[in-house]
Amino acid sequence: MENENVKRAFEGTRGVLLFFLRFVIASIVLYLIYTKLGVYYTKLVAYGAKPLLAIFKYRLVMERALKVTEDISLNPVVFLSLVIATGNVTLVTKLRAALWGFVILTAGNVVTIFLLFLYGYTRSETLGTGIDWLNLTTNFFLPLLLWFILLPIRSLLPFRSSST
Amino acid sequence: MGHGKKPEGKVIRTRKGGTFRREFLLFLILFFILWLFSFLLTRRFPGLEAGLITAVVREVAFVLNLFGYSFTLNEPSFLFHTSHGGENLVVITECTALYTTIIYFSIIGAYPARISEKLIGLLIGIPSIHILNLARMVFVSLVLYHKRELFHFFHGYLWQVSFVIFMLLLVILWMGKIVKQHRAGSEGQQREKQST
């Protein structure tokens, strides 16, 4: 049912344009908030990576971790903007999706910071390539994937079975 | 009476959901294979990245020259002669939109559509991403010339947010206008065949 409602929200060029307009507004507002309060988020990610590094008996340099996190962890802004911009979805569904997506993306960012420090200590070329790939995936694809999975928007991307 | 109908509906829903899940899972597997393989290819042939960086640097230089901006080019670096002094801009692989192009290519490649539909998607999408990236690079350069303090804001925002939104727009348009249209056409033909 909700799937059909979302489909209606995206119907026609106007529906798609409205979605993108809402997305741009939401992303600018969230990005502005991030520039002010993002330091708390970067601290959260850095502190998350600390125990993982401790398992391997490595130390987290907080200053460096904060700088790197700031550069690589904008994905919650993208994801939350997508959730906010999606029309015809109940607030409860949106909140649930936002929470799950935020947790998953933050976990992804924690793993990325952990691996980056591991790379800094080990200097493994393979690990370096893997981190680059993981970082690009969590920043450019994961927000879209989570948006698609966590919100009822199957009808938006017409897989054969959903169009029958 | 009601008892007789309930299981039937349940069976259909499960079967449909199952097919969707299978198809979506296949899409994801194919996407990650294509994305990883293409990414590793760029690492195997670093000349590709270098060539693309050179191309982007020359295009940005061309546009800035057109607008009459003063700079010294020492590939892949720009030294902008601004009113508040010299500003350095180094073009790296991330500035070429190579990876976003590969992700777009992998989405189109993995999605269940005809080869011709995929080719149309790539022919429209890849040049569009390249042009958007050029616009982004020129815009970021102009910010360095005129409002240096806003550089960090625009660089961060435009790098990620605008690319995700543009890629999504391209994918939605491709799936909605090209793939769906063909699919609707072929389904109509099938129905016609069945009725005759």
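The structure displayed is predicted, hence computed values, not measured ones. (Residues numbered from 1 in each chain as written. Chains lettered and ligands numbered in written order. Predicted model: local features only at pLDDT ≥ 70, side-chain atom pairs only at ≥ 80, totals over all residues.)

Undergrad: Would you take a moment to explain the environment of A:V83 for this structure?
TA: Residues and elements named next belong to chain A. Positionally, V83 belongs in helix 4 (residues 75-85). The spacing of V83 and A98 is 15 residues in sequence and 6.6 Å in space, taken between C-alpha atoms. In this structure, V83 is in contact with K94, A97, A98, G101, W147 and L151, ignoring residues within four places of it in sequence. (Helix = DSSP H or I, 4+ residues; strand = E, 2+ residues; numbered from the N terminus. Contact = placed C-beta atoms within 7 Å.)

Undergrad: I'm lost on the sheet that holds strand 2 (residues 77-82) of chain B in this one. Help?
TA: Two pairing modes exist for strands in a sheet, parallel and antiparallel, and in both the strands are linked by backbone hydrogen bonds. Residue and element names in this part refer to chain B. Pairing is antiparallel in the open sheet, where three strands are placed in the order 1-2-3. The open sheet has two free edges, formed respectively by strand 1 (71-74) and strand 3 (85-90), since each of these has just one partner strand. Ignoring which end each strand starts from, the neighbouring axes of this sheet average 15 degrees apart. Of the pairings in the sheet, the one linking strand 1 to strand 2 comprises four bridges and is antiparallel in character. (Pairing = 2+ DSSP bridges. Axes fitted to C-alpha atoms, helices over the stretch in contact; angles between N-to-C directions.)

Undergrad: Sorry, what's going on with the pairing of strand 3 of chain B here?
TA: It is a general feature of regular strands that their side chains alternate between the two faces of the sheet. Residues and elements named next belong to chain B. For strand 3, the buried fraction is low: zero of the six residues fall into the buried class. Sheet topology places strand 2 next to strand 3; six bridges connect them, and they run antiparallel. When the sheet's bridge partners are listed, F80 is paired in strand 3 with E87. Hairpin connection from strand 2 to strand 3: two residues lie between these consecutive antiparallel strands. (Buried ≥ 20, exposed ≤ 12 C-beta atoms within 10 Å, placed from the backbone.)

Undergrad: Hey, could you run me through helix 2 (residues 46-66) of chain B in this one?
TA: Along an α-helix, residues three or four positions apart point the same way, because every turn accommodates 3.6 residues. Residues and elements named next belong to chain B. Its 21 residues place the ends of helix 2 31 Å apart at the C-alpha level, agreeing with the 30 Å of an ideal helix rising 1.5 Å per residue. On the buried face of helix 2, the contacting elements are strand 1 and helix 4 (115-146). Looking at the residues trailing helix 2, positive phi occurs at G68, about 80 degrees. (Expected span 1.5 Å × (residues − 1).)

Undergrad: I keep staring at the nonpolar core and nothing clicks. Help me out?
TA: One recurring pattern in soluble globular proteins: nonpolar side chains tend to sit buried together. Within the largest apolar cluster, 45 residues are counted, with the highest numbers of intra-cluster contacts made by A:F79, B:I103, B:V164 and B:M167. In terms of nonpolar packing, the next biggest core, distinct from the first, is built from 11 residues, A:V45, A:A65, A:F114 and A:F117 among them. (Core = buried A, V, L, I, M, F, W, Y, C linked by C-beta atoms within 7 Å.)

Undergrad: Where do I start with the environment of B:F37 in this structure?
TA: Secondary-structure assignment places B:F37 in helix 1 (residues 2-44). Taking the C-alpha atoms as reference, B:F37 lies 42 Å from B:T82; in sequence the two are 45 residues apart.

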